[in-house]
Amino acid sequence: MEIVEDIVIVGAGIAGLTTSLALHRLGIRSLVLESSDRLRTTGFALTTWSNAWKALDAVGISDSLRQQHLQLNGLVVSSTVSKQRTSELSFEGHEVRCVERSMLLETIAKELPSGTIRFLSKVVCIEESGLFKKVHLANGTILKTKVLIGCDGVNSLVAKWLGFEKPVFTGSSVIRASIDFKNGHGFDPKARQFIGNGLRLGLLPCNERIVHWFLTWKPSNHEEELEENSTKLKQFVLNKLEDSLDEIKSVVEKTPVDSLLLTPLRTRRPWELLGANISKGNVCVAGDALHPMTPYLGQGGCSAMEDGVVLARCLAEALQKLDGGSKVKEYEEDEYKRIDTGLKKYAKERRWRSLDLITTAYMVGFIQENDGKIMSFFREKLLSPILAGLLLRKADFDCGKLSIS
């Protein structure tokens, strides 16, 4: 069975749904394919910096999310070695919140027309078909599309088709969890980080009840087996935090065992983006399929939202001036050329931004998780406020409005 679609988006994550909603706001229909049977909420929560809120404003869903998440007023960084504060950063003039991933995805999905997301639709093959692309699904369905957008994550089939190499493992892993304090957690609306001894632990309140925390470190060979046992995973975190502040240990102790998630960290080699085909003809990638990065800037999800707004705007600009009076063949050829031009414009806008974020995130992580005595000294005495300031500098970005000229 072969079905014709104008725009097919592979992946119903942050990038895929934001792109689809942005296109919808511009009057353009798309179909989103998701291999799972429901929206994926892996990761629990994400820090949404000012650049993300500009993207959420553009697609028109920011107000409802603001009402359900605390605005954070600053970041406090402490040393797990000296137990002293090494830097404090004010968020004055910036909008920063920790947003529940499930709530973000559900909010976007509710704004999409019925039938936009098609679950249990795993893409297994992409095939050239003249000016179209044929997308083969595991259930035997074949979709013929004018535009194919890969938002299918770090293991992206679309990125592979474009010639990207697989993202590489960084040697670090992250444990993430969220905990619901039914009677309120009592924390100030600040982000907290504890760095030292090769660890980086963060704690962020999402609202008055829910707190999200994470731990990044470089696991040894025997620690890589922790993923198979949640109880051992929780005890491992507590052992790592044995000499840390009681408020942090208390949060971990109260966290349900089944809510912990361990993920090895992967990134794209920055130099690969210099000459990579972010787009090719009527195919492109966005989100983690384009720029998988380590979490040390908190920009993975934020930049995916930027991608969605920029991509939708570039596509809409390309398609708005088509001559409907042309013959079918001439119309299709002109449409293909305009789509190609629009996607190239998107690729040009996102290439350097993606490269910058990937590179900076990796370097910040390298410095924060380094447990050498010399690096630890410079990190605590000199680099801590510089690294904290990078968070705001990289968030000082505006993807623009959805309006087209």
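Here's what I pulled together on the structure shown here. Worth saying up front: this structure is predicted, and the values here are computed from it rather than measured. (Residues numbered from 1 in each chain as written. Predicted model: local features only at pLDDT ≥ 70, side-chain atom pairs only at ≥ 80, totals over all residues. Heavy atoms only, no water.)

Notes on the overall build of the protein
At step 1: Per the secondary structure count, the protein includes eleven helices and 17 strands.
At step 2: In terms of overall size, the protein behaves like a compact globule, its C-alpha atoms giving a radius of gyration of 22 Å where 405 residues would be expected to give roughly 22 Å.
At step 3: By its C-alpha atoms, the protein is 75 × 45 × 45 Å across when sized along the principal axes.
At step 4: In the protein, once contacts between residues fewer than 6 apart in sequence are set aside, the share between residues at least 24 apart is 76%.
At step 5: Distance between charge centroids for the protein: 2 Å, based on 53 positive and 50 negative side chains. (Helix = DSSP H or I, 4+ residues; strand = E, 2+ residues; numbered from the N terminus. Rg over C-alpha atoms; globule rule 2.2 N^0.38 Å. Contact = heavy atoms within 4.5 Å. Lys, Arg positive; Asp, Glu negative; His and termini not counted. Charge placed at Lys NZ, Arg CZ, Asp CG, Glu CD.)

Brief notes about the sheet that holds strand β12 (residues 191-196)
At step 1: One open sheet accounts for seven strands, arranged β5-β4-β12-β13-β14-β11-β15; its pairing is mixed. Only two strands of the sheet have a single partner each, and these edge strands are β5 (85-90) and β15 (261-267). Neighbour to neighbour, the strand axes of the sheet diverge by 20° on average, direction disregarded.
At step 2: Bridging between strand β4 (residues 74-79) and β12 involves five bridges; their strand directions are parallel. Across the sheet, S78 pairs through a bridge with F194, a residue of β12.
At step 3: Sitting on the sheet, helix α6 (residues 230-240) touches β11 (168-180), β13 (199-205), β14 (210-217) and β15, and the angle it makes with β14 is about 75°. (Pairing = 2+ DSSP bridges. Axes fitted to C-alpha atoms, helices over the stretch in contact; angles between N-to-C directions.)

As for the pattern of salt bridges
At step 1: This model, assessed by the stated rule, comprises 26 salt bridges.
At step 2: Across the pair R350 and D307 runs a salt bridge whose closest N-O atoms are separated by 2.6 Å. In this pair, R350 sits in helix α10 (residues 328-369) while D307 sits in helix α9 (residues 300-319), placing the two residues 43 residues apart along the sequence. Of the two residues, R350 and D307, both sit in the buried class. (Salt bridge = Lys/Arg side-chain N within 4 Å of Asp/Glu carboxyl O. Buried < 20%, exposed > 50% of the residue type's maximum accessible area, 1.4 Å probe, protein only.)

Some details on the nonpolar core
At step 1: Of all hydrophobic cores here, the largest spans 103 residues; its most connected members are L17, L104, I149, F164 and Y346.
At step 2: Beyond its immediate chain neighbours, meaning those up to four positions away, I149 contacts I7, V8, I9, V10, T19, C284, L311 and L315.
At step 3: By size, the runner-up hydrophobic cluster in this structure holds 24 residues, among which are F187, V251, V252 and L262. (Core = buried A, V, L, I, M, F, W, Y, C linked by side-chain atoms within 4.5 Å.)

A word on helix α11 (residues 373-395)
At step 1: In this model α11 runs 31 Å from its N-terminal to its C-terminal C-alpha over 23 residues, within 8% of the 33 Å that 1.5 Å per residue would give.
At step 2: Helix geometry: α11 is bent most strongly at L383, by close to 70°, with proline P385 lying one to four residues after it. (Expected span 1.5 Å × (residues − 1). Bend = angle between axes of the 7 residues up to and from the residue.)

Here's the deal with the packing of aromatic side chains
At step 1: A full pass over the atoms with the stated rule returns two aromatic pairs.
At step 2: For the pair W217 and F236, a centre-to-centre distance of 4.9 Å together with 45° between the ring planes defines the contact as tilted. Residue W217 is found in strand β14, and its partner F236 is found in helix α6; the two are separated by 19 residues along the sequence.
At step 3: Taking the relative accessible area as the measure of exposure, F236 reaches 10% and is therefore buried.
At step 4: One cation-aromatic arrangement involves R97 over W53; the distance from NZ or CZ to the ring centre is 5.4 Å.
At step 5: Sitting over the ring of F132, K144 keeps its end group 5.0 Å from the ring centre. (Phe/Tyr/Trp six-rings, centres within 6.5 Å; stacked < 30°, edge-to-face > 60°. Lys NZ or Arg CZ within 6 Å of the ring centre and 35° of its normal.)

Quick look at α6
At step 1: Here α6 has its buried residues at L233, K234, F236, V237 and L238.
At step 2: Looking at the buried positions of α6, the neighbouring elements they touch are β11, β14, α7 (246-254) and β15.

Section: the pairing of strand β8 (residues 123-129)
On any regular strand, side chains alternate: one points to one face of the sheet, the next to the other face.
At step 1: Strand direction decides the pairing type here: β8 and strand β9 (residues 132-137), joined by six bridges, are antiparallel. Following the sheet pairing, E128 is matched in β9 by K133.
At step 2: Between the antiparallel neighbours β8 and β9 lie two residues, among them G130 with a positive phi of about 65°.

Regarding unusual backbone geometry
At step 1: Phi at L120 takes a positive value of approximately 55°, unusual for a residue other than glycine.
At step 2: By the secondary structure assignment, L120 is in the loop between β7 (117-118) and β8.
At step 3: Positive phi outside glycine occurs at N197, with the angle close to 55°.
At step 4: Along the chain, N197 turns up in the loop between β12 and β13.

Quick word on the packing of helix α2 (residues 50-59) against α9
At step 1: Packing of α2 against α9 brings their axes to within 8 Å, and their N-to-C directions diverge by 35°. As α2 packs across α9, the resulting crossing turns out to be left-handed. Along the contact surface, α2 presents N51, A52, A55, L56, A58 and V59, while α9 presents C302, M305, E306 and V309. (Left-handed = near helix turned anticlockwise from the far one by under 90°.)

Some words on the pairing of strand β3 (residues 45-48)
At step 1: Side chains A45 and T47 of β3 all project onto a buried face; the interleaved residues L46 and T48 project onto the opposite face, where all are buried too.
At step 2: Two elements, β3 and strand β6 (residues 97-100), share four bridges in a ladder whose sense is antiparallel. Paired with T48 across the two strands is R97, which belongs to β6.

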